[in-house]
Amino acid sequence: MDTAPTPSAAHPVDAVVVGAGLSGLYQLHRLRGLGLRTVVFEAGDDIGGTWYWNRYPGARCDVESTSYSYSFSPELDQDWVWSERYASQPEILRYVHHVADRFDLRRDVVLNTRVTRAAYDEDRHLWSVSTDTGRTVTTRFVILASGCMSVPKDPGIPGADSFTGSTYHTARWPHEDVSFTGKKVAVIGTGCSGVQTIPVIAEQAAALTVFQRTPAYALPAHNRPLRSTEVAELKARYPEFRQAQRLSRGGTVFEPPTRSALETGEAERTATYETAWASGLLSGLLRTYTDILTDEKANETVAEFVRSKIRSTVTDPATAELLSPRTYPFATKRPCLDTGYYATYNLPHVKLVDLRTTPIETITRRGIRTSDGEHILDAIVFATGFDALTGSQLAFDIVGKNGVTLREKWVDGPRSHLGLVSAGFPNLFTVLGPLSPSVLTNIPVSLEQQVEWITDCIAYLRGHGFTEIDATPAAEADWCAHVAELAARTLYPAVASWYTGANIAGKPRGFLAYTGGLDRYREKCDAETRNGYTSFTLSTPPSSKAVSTRRSAPQSSLGL
Ligand code: N01
């Protein structure tokens, strides 16, 4: 039975959440806890967000499953049992469904519904949110939980429509089984999605051709089933573990490095890198020394270590060299965690095409033509990534104060305070958006921090009779400058990557995430809460505008 709510102008809600992935579902849970009438609009035909859409063969989380999960419920921690060190996409999706059932979340999720427009009514302090199903709902608060990696990048290769075989994008994989058995398959793209799917497709395909423009730094996952003893041991100390995660720099628990790579002798350094390589942790190598992301020479020591591993795995030296990243420092594009990626190129039916020397000219009716000739294919898999961080917020019309759209405001790049509220767009919050730690951290820890901050903020507004919160332009300017200044101390901004918006034609260039660490970010957000949101303008209901002031607002309920 469809029990989803049917909000309309005549039946307003207190909060609209965009997206029913990990962020949106937790936001719903927390807002319900405040007693807010909340509706979640989800474009997909089921919940799960990233883990609903990215169901390509080999899709798997590259943060350990015991860390990559919600921490807000000790009972949930005890109840759910992960089967592998790194959970596969189907297992994570099962977990999301389990959470939704456990906390009875589905009844406020409206599926198959894409938000098309949100417009702010300055006179009433209300948003009007429209959807592609013709619904319009009036709401005080809007929370964009639409994901930092949810708008797939169109590869923009000419001729794609003429191909008579099958095409797939890793981020829009069909829900039906796809068989590559006996087929000639191409994968375009060697980022994390490509690196995960290539070994699995190679197991099925008769022939696999990988079209690589930029090689990845891929680190071995050493995935394995979890032993019942280690699960029991973790469950016994989960509360302390979760607390340590919350206080950590990036949402995973580790001892921060204290020494420079350049002040360490080569033998000792190599031994340290070997240990990190054997750990199977995505950030293992990054955590070895203090200067990996700030000093090119230090970075080159680890980059060369990874290249040595590629050379020792890939038997053909020419292929090994093509797979070796040399045009950007280690981890300035996101590193990948792999299972058998490099060894796949030793298989006789797997071929690597270097697009730097033989670029794609066009997709043809029969396959892909590079400057070197035509590759005849049955299927093409685009593993070409996303319009990251800003893509989902700019995908629909958001009209703020004075009729200014978010697209207009962000024409030169995103601007917001703490990555949470953009000045001129009151009562509109973003989870995992640009200018926050998001993609540089273990996502569930970051999203919980932001969802909890947003929830506390809304509780404060309601408790103090405020109906509007907006970032001050000065605080926003300071935050943007702070984010840019911290990023400038690293090797990140100089590299063309999705971190800097360079993968999308016409997208303004700038490092999009906060590099200061989740711990420091949390402290800055908490300070706002403690100090009564001094970087924001809080306003009382429009009818009482004459007495509107930040501090002397009457106590009253929201009252839509
Ligand atoms: O996308 P990407 P992704 N012609 O942008 C190439 C997360 N994630 O989906 O680098 C030819 O990294 C492009 O080449 P280049 C994770 O944060 C997490 O793989 O632009 N090639 C690149 O090789 C990750 O970083 C998990 O030169 C083209 C590739 O396509 C993020 O999602 C798993 C091209 C795109 O790589 C994105 O990863 C998977 C063209 N026209 C992903 N256009 C987890 O495990 C693009 N490319 C949690």
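Every value quoted in this text rests on a predicted model; they were computed, and no experiment measured them. (Residues numbered from 1 in each chain as written. Predicted model: local features only at pLDDT ≥ 70, side-chain atom pairs only at ≥ 80, totals over all residues. Heavy atoms only, no water.)

Colleague: Describe in detail the packing of helix α6 (residues 228-236) against helix α7 (residues 238-246), supporting the description with residues and values.
Modeller: It is at 5 Å that the axes of α6 and α7 come closest, and there the two elements cross at 70°. For the element pair α6 / α7, the angle class is roughly perpendicular. Contact with α6, carried on its side by Leu234, Lys235 and Ala236, involves Tyr238, Pro239, Glu240 and Phe241 of α7 and no other residues of that element. (Axes fitted to C-alpha atoms, helices over the stretch in contact; angles between N-to-C directions. Helix = DSSP H or I, 4+ residues; strand = E, 2+ residues; numbered from the N terminus. Parallel < 35°, antiparallel > 145°, perpendicular 65-115°, else oblique. Contact = heavy atoms within 4.5 Å.)

Colleague: Go over the domain arrangement of the chain, please, and point to the residues and values.
Modeller: Taken domain by domain, the chain consists of domain 1 (13-151 + 388-539) and domain 2 (152-216 + 333-385). With centres defined by C-alpha atoms, the gap from domain 1 to domain 2 works out at 31 Å. Contacts between the two partners involve 21 residues from domain 1, matched on the other side by 18 residues from domain 2. The junction of domain 1 with domain 2 conceals about 1,800 Å² of combined surface from both sides, 54% of it contributed by carbon and sulfur atoms. Interface area lost by domain 1 to domain 2 is led by Tyr56, Pro57 and Asp62, which between them contribute 33%. Seen at the junction of domain 1 and domain 2, the total is 1 salt bridge. (Domains from an automatic or database assignment. Buried area = accessible area lost by both parts, 1.4 Å probe. Salt bridge = Lys/Arg side-chain N within 4 Å of Asp/Glu carboxyl O.)

Colleague: Now, about the environment of Thr332: what can you tell me, with residues and values included?
Modeller: Checked against the element boundaries, Thr332 lands in the loop between α10 (317-323) and β11 (336-338). Taking the relative accessible area as the measure of exposure, Thr332 reaches 0% and is therefore buried. Separated by 125 residues in the primary sequence, Thr332 and Ala207 have C-alpha atoms spaced 32 Å apart. Here the side chain of Thr332 touches Pro329 through a polar contact of 2.6 Å, landing on its backbone oxygen. (Buried < 20%, exposed > 50% of the residue type's maximum accessible area, 1.4 Å probe, protein only. Polar contact = N/O pair within 3.5 Å; in protein donor to acceptor, adjacent residues only side chain to side chain.)

Colleague: Run through the sheet that holds strand β13 (residues 360-363), naming residues and quoting values.
Modeller: Across the sheet, 3 strands lie side by side as β13-β14-β15; this open sheet has antiparallel pairing. If you trace the sheet from one side to the other, it starts and ends with β13 and β15 (373-376), each paired once. Between one strand axis and the next, the sheet turns by 25° as a mean value, whatever way the strands run. Bridge count between strand β14 (residues 367-370) and β15: 4 bridges; the pairing is antiparallel. (Pairing = 2+ DSSP bridges.)

Colleague: Which residues make up the pattern of salt bridges, and what are the values?
Modeller: In the structure shown here, the tally under the stated rule is 33 salt bridges. Residue Lys409 pairs with Glu476 through a salt bridge whose shortest N-O separation is 2.8 Å. Placement of the pair is Lys409 in helix α12 (residues 406-409) and Glu476 in helix α14 (residues 473-488), with a sequence separation of 67 residues. As far as burial versus exposure is concerned, Lys409 and Glu476 are alike and both buried. In this structure, Glu485 and Arg489 form a salt bridge, with 2.9 Å as the shortest nitrogen-oxygen distance.

Colleague: Report on the state of the cysteines, specifying residues and quantitative values.
Modeller: This model, assessed by the stated rule, comprises 0 disulfides. Here Cys480 is not disulfide-linked; the sulfur of Cys525 is the nearest cysteine sulfur, at 14 Å. Residue class for Cys480 comes out buried when judged on its relative accessible area of 11%. (Disulfide = S-S within 2.5 Å.)

Colleague: Any details on the confidence of the model for the chain? Residues and values, ideally.
Modeller: Of the residues in the chain, 95% have a pLDDT of 70 or more, and the chain-wide mean is 94. Between residues 545-560, whose pLDDT stays under 50, and residues either more than four places distant or in other chains, the model counts 42 contacts. (pLDDT = per-residue confidence, 0-100.)

Colleague: Let's hear about the site of the ligand: which residues, and what values?
Modeller: Residues in contact with the ligand amount to 26 residues; listed here are only the nearest, Arg60, Ser193, Arg213, Thr214 and Lys333. Between a nitrogen atom of the ligand and a side-chain N or O atom of Lys153, the distance comes to 3.0 Å. Protein burial of the ligand: of its 910 Å² of free accessible surface, 87% is covered by the chains. No other element matches helix α5 (residues 192-204), which puts 3 residues into the shell around the ligand. The residue inventory of the shell around the ligand, partitioned by class, reads 11 nonpolar, 8 polar and 7 charged. (Near = heavy atom within 4 Å. Areas by Shrake-Rupley, 256 points an atom, 1.4 Å probe, with all protein chains shown as cover. Nonpolar A, V, L, I, M, F, W, Y, C, P; charged D, E, K, R; others polar.)

Colleague: For the nonpolar core, give the residues involved together with the corresponding values.
Modeller: In this structure, Ile143, Leu285, Phe330 and Phe429 are the most contacted members of the largest nonpolar core, which totals 133 residues. The element contributing the most residues to this core is helix α13 (residues 443-463), with 10 residues. Looking at which domains feed residues into this core, each of domain 1 (13-151 + 388-539) and domain 2 (152-216 + 333-385) supplies at least three. Residues within four places of Leu285 in sequence aside, it is in contact with Leu219, Tyr273, Ala276, Trp277, Ile292, Val302, Phe305, Val306 and Phe330. Core analysis: the next-biggest nonpolar cluster, separate from the first, contains 20 residues, Val16, Val115, Ala118 and Trp410 among them. (Core = buried A, V, L, I, M, F, W, Y, C linked by side-chain atoms within 4.5 Å.)

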